[in-house]
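An overview of the molecular structure
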Amino acid sequence: MTRLVILGSTGSIGTQSLDVAEKRGYTVTALAAHSNAQLMEEQIRHFHPTMAAMYDEAAARDLRDRVRDLNIPILSGMDGLCTLAELPDADIVLNSVVGMVGLLPTLHALRAGHDVALANKETLVAGGELVMRMAREHHARILPVDSEHSAIFQCLQGTAAGAWAPPASSAKLGISRVILTASGGPFFGKSAEDLRHVTVEDALRHPNWSMGQKITVDSATMMNKGLELIEAKWLFDMAPENIDIVVHRESIIHSLIEFTDYSVLAQLGVPDMRIPIQYALTWPLRGDPPVRRLDLAEIGKLTFYKPDHEAFPAIELCRTAIEKGGAYPAAVNAANEQANLLFREGKISFCAISELVAETLSRPLPAVSTVEDILAVDAECRRIIIDRG
Ligand code: NDP
Ligand code: MG
């Protein structure tokens, strides 16, 4: 019987995770979110966790009031999230909060020896080295939920290493390249000039996936693929130059691995996050289908294109950040989170997101070795972007 803690349970990934958990009969031990107390109340009454947390203090008070008949502790703030992440009566912590705020809870879960099903990619972008080290030191696994990384993870089960999960050494896997697929987002085919005139509404209209607003805008700028490049570097210990990106409009092939003999394996499926979510929870086994069957004849054809780095500079900005290393990936992530928000608030243009990230990358940054160093770089980069907004 799997006992789950879900951080970010009210979001797109969180609600789909609860759907998977319910179908599989898992125990939901604890739930956390930011401020949606109404949905959290519904989730508590339905799933009966032993504890819950709201990051926002006022929302935590509201929730305590809503569920006062239930005698369930409601925690708050970052301490609340971290307490839930390290609860002893859990088997897997599924981290689906959005943004860098997921870093400390991930580290706490790993330190407690819990396997972490990780959707929260910002965690690995900003603190990849620390996160992988923590997992190694505490013999905990990181089970990828992001669909591309789940695809690679699934393909890797077919290698000589057998059932394999990060952070185990990937040296014996015999792969020479990882190929991440990208849908291209709502602005595929547009020129840099066309992108000067796009609106928030346009950016939030993703062709294939229904997701939270931050990642939907990241898909439109293609920053999402840049963040995923960094995520892949840490999860699979791949040099950035061996991670390629191909635009694949249909989002049916979720990513591929190339072996040293240039044989290539791909993972395919309908674009529905419940497949990667469920696989992270059932690995190394598979469960009943959470989605409809893939019908290739109905789809007809699969198309592939090179990314347009002139119109969408974000992928190359992330590649530069990971090559520079140190504080640069955390800085790029922070600048992007803040610029993405300013764009959604109507305060900056779509193209300004990548421009502000590029500016951040050209700044001298201090060396980072601890999580406090990373949090300080994150805060400083956000402050600079807020001033520009
Ligand atoms: P959503 O915006 O839909 O949901 C975000 C969730 O995080 C909500 O439950 C929200 O709570 C919670 N949250 C936000 N801030 C905090 C905080 N400070 N403390 C606690 N909880 C917080 O995002 P998605 O579900 O789309 O994405 C979640 C993560 O998964 C992101 O990192 C994204 O990149 C990644 N991902 C998402 C995919 C998708 O298909 N959606 C695919 C692959 C990766 P509240 O509702 O109260 O605000
Ligand atoms: Mg993805």
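Here's a quick rundown of the structure.

Cut-off values and rules
Per chain, the residues get numbers from 1 upward, laid out in the order the sequence is written. Each chain is given a letter, starting from A, and each ligand a number, starting from 1, according to the order in which they appear as written. Local features in a predicted model are, by the rule used here, given only for residues with pLDDT of at least 70; side-chain atom pairs are given and counted only at 80 or more, and totals for whole chains, interfaces and linings are based on all residues. Each side-chain value is derived from all of the structure's non-hydrogen atoms; neither hydrogens nor water enter the calculation. Only nitrogen, oxygen and sulfur atoms qualify as donors, provided they sit within 2.8 Å of the metal or within 3.2 Å for Na, K and Ca; with water excluded from the atoms, sites may seem incomplete. Under the scheme used here, helices are H or I runs from DSSP no shorter than 4 residues and strands are E runs no shorter than 2 residues, and both carry numbers assigned from the N terminus. Burial here depends on accessible area, computed with a 1.4 Å probe over protein chains only, as a share of the maximum for the residue type. Under 20% is buried, over 50% is exposed, and the range in between is partly exposed. A cutoff of 4 Å decides nearness: a residue is near a molecule or strand if any of its heavy atoms lies inside that distance of it. Pairs of N or O atoms within 3.5 Å make up the polar contacts considered here, provided that, within protein, one atom can donate a hydrogen while the other can accept it, and that residues adjacent in sequence are counted only when both atoms are side-chain atoms. Computed with the Shrake-Rupley method and a 1.4 Å probe, the accessible areas treat only the protein chains shown as cover for residues. Three residue categories are used. Nonpolar comprises Ala, Val, Leu, Ile, Met, Phe, Trp, Tyr, Cys and Pro, charged comprises Asp, Glu, Lys and Arg, and polar comprises the others, including Gly. Throughout, a disulfide means two cysteine sulfur atoms within 2.5 Å of one another. Two strands qualify as a pair provided DSSP detects at least 2 bridges between them. For helices, the fitted line uses only the C-alpha atoms of the stretch in contact; every axis is such a line through C-alpha atoms, and the angle between N-to-C directions lies from 0 to 180 degrees. Contacts were defined at the residue level, with two residues in contact if any of their heavy atoms lie within 4.5 Å. The term salt bridge refers to a pairing of a side-chain nitrogen on Lys or Arg with a carboxyl oxygen on Asp or Glu at a separation within 4 Å.

A short note on the coordination of the magnesium ion (ligand 2)
- Bound to the magnesium ion (ligand 2) are the protein donor atoms D146 (OD), E148 (OE) and E228 (OE), situated 2.1 to 2.2 Å from the metal.
- In primary-sequence terms, the residues that donate to the magnesium ion (ligand 2) follow D-x1-E-x79-E. In this pair, E148 sits in helix 7 (residues 147-156) while E228 sits in helix 11 (residues 223-236), placing the two residues 80 residues apart along the sequence.
- Using a relative accessible area of 9% as the deciding quantity, one classes E148 as buried.

Some words on the environment of L341
- In this fold, L341 is placed in helix 15 (residues 328-344).
- In the structure, L341 is positioned 94 residues away from V247 in sequence and 25 Å away in space, judged by C-alpha atoms.

Describing the site of ligand 1
- Residues in contact with ligand 1 amount to 25 residues; listed here are only the nearest, T10, S35, N36, E122 and G212.
- At 2.9 Å, a backbone N or O of I13 approaches an oxygen atom of ligand 1.
- Within the contact set of ligand 1, an oxygen atom lies 3.4 Å away from a backbone nitrogen or oxygen of A119.
- Contact with the protein chains removes 88% of the 890 Å² of surface that ligand 1 exposes when unbound.
- Listing elements by their share of the shell around ligand 1, those giving two or more residues are helix 1 (12-24) and helix 6 (121-137).
- Looking at the shell around ligand 1 residue by residue, the class counts come to 11 nonpolar, 11 polar and three charged.

A short note on the state of the cysteines
- Considering all chains together, one arrives at zero disulfides under this definition.
- For the unlinked cysteine C318, the closest cysteine sulfur is that of C381, found at 13 Å.

Topic: unusual backbone geometry
- Looking along the chain, the bond that leaves P166 and enters P167 is cis, with omega of 10°.
- Topologically, P167 is positioned in the loop between helix 7 and strand 8 (175-182).
- A positive phi angle is found at D237, which is not glycine, with a value near 55°.

Quick word on the sheet that holds strand 3 (residues 51-54)
- Read across the sheet, seven strands follow the order 4-3-2-1-5-6-7 without closing on themselves; strand pairing throughout is parallel. This sheet does not close on itself; its edge strands, each paired only once, are strand 4 (74-76) and strand 7 (142-144). Geometrically, the sheet is characterised by an average inter-axis angle of 20° between neighbouring strands, direction not taken into account.
- Across four bridges, strand 1 (residues 3-7) lies against strand 5 (residues 92-95) in parallel orientation. Along strand 5, the bridge assignment pairs L4 with I92.
- Seen against the sheet, helix 2 (residues 37-47) touches strand 2 (27-33), strand 3 and strand 4 and runs at an angle of roughly 175° to strand 2.
- Lying over the sheet, helix 3 (residues 57-66) contacts strand 3 and strand 4, oriented at roughly 175° with respect to strand 4.

So, the sheet that holds strand 10 (residues 253-259)
- Taking strand neighbours across the sheet as the criterion, the four strands line up as 9-8-10-11 in an open arrangement whose pairing is mixed. For this open sheet the edge positions go to strand 9 (243-247) and strand 11 (264-268), each flanked by a neighbour on one side alone. Sheet twist, expressed as the average angle between the axes of neighbouring strands with direction ignored, equals 20°.
- Judged from the five bridges that link them, strand 8 and strand 10 form a sheet pairing that is antiparallel.

Some thoughts on the pattern of salt bridges
- Tallying each qualifying case throughout the model produces 28 salt bridges.
- Salt-bridge contacts for E316 lead to R319; the nearest nitrogen and oxygen are separated by 3.4 Å. Here R319 and E316 lie together in helix 14 (residues 314-324), a separation of three residues that amounts to about one turn.
- K347 is the salt-bridge partner of E345, the closest N and O atoms lying 3.1 Å from each other.
- Take K347: its relative accessible area is 52%, and that puts it in the exposed class.
- One continuous salt-bridge network, built from bridges that share partners, spans E41, R45, D62, R66 and D69.

Some details on the pairing of strand 9
- Buried residues dominate strand 9, accounting for four of its five residues.
- The sheet contact formed by strand 8 and strand 9 spans five bridges and is parallel. Note that in strand 9 the partner of I179 across the bridge is D244.

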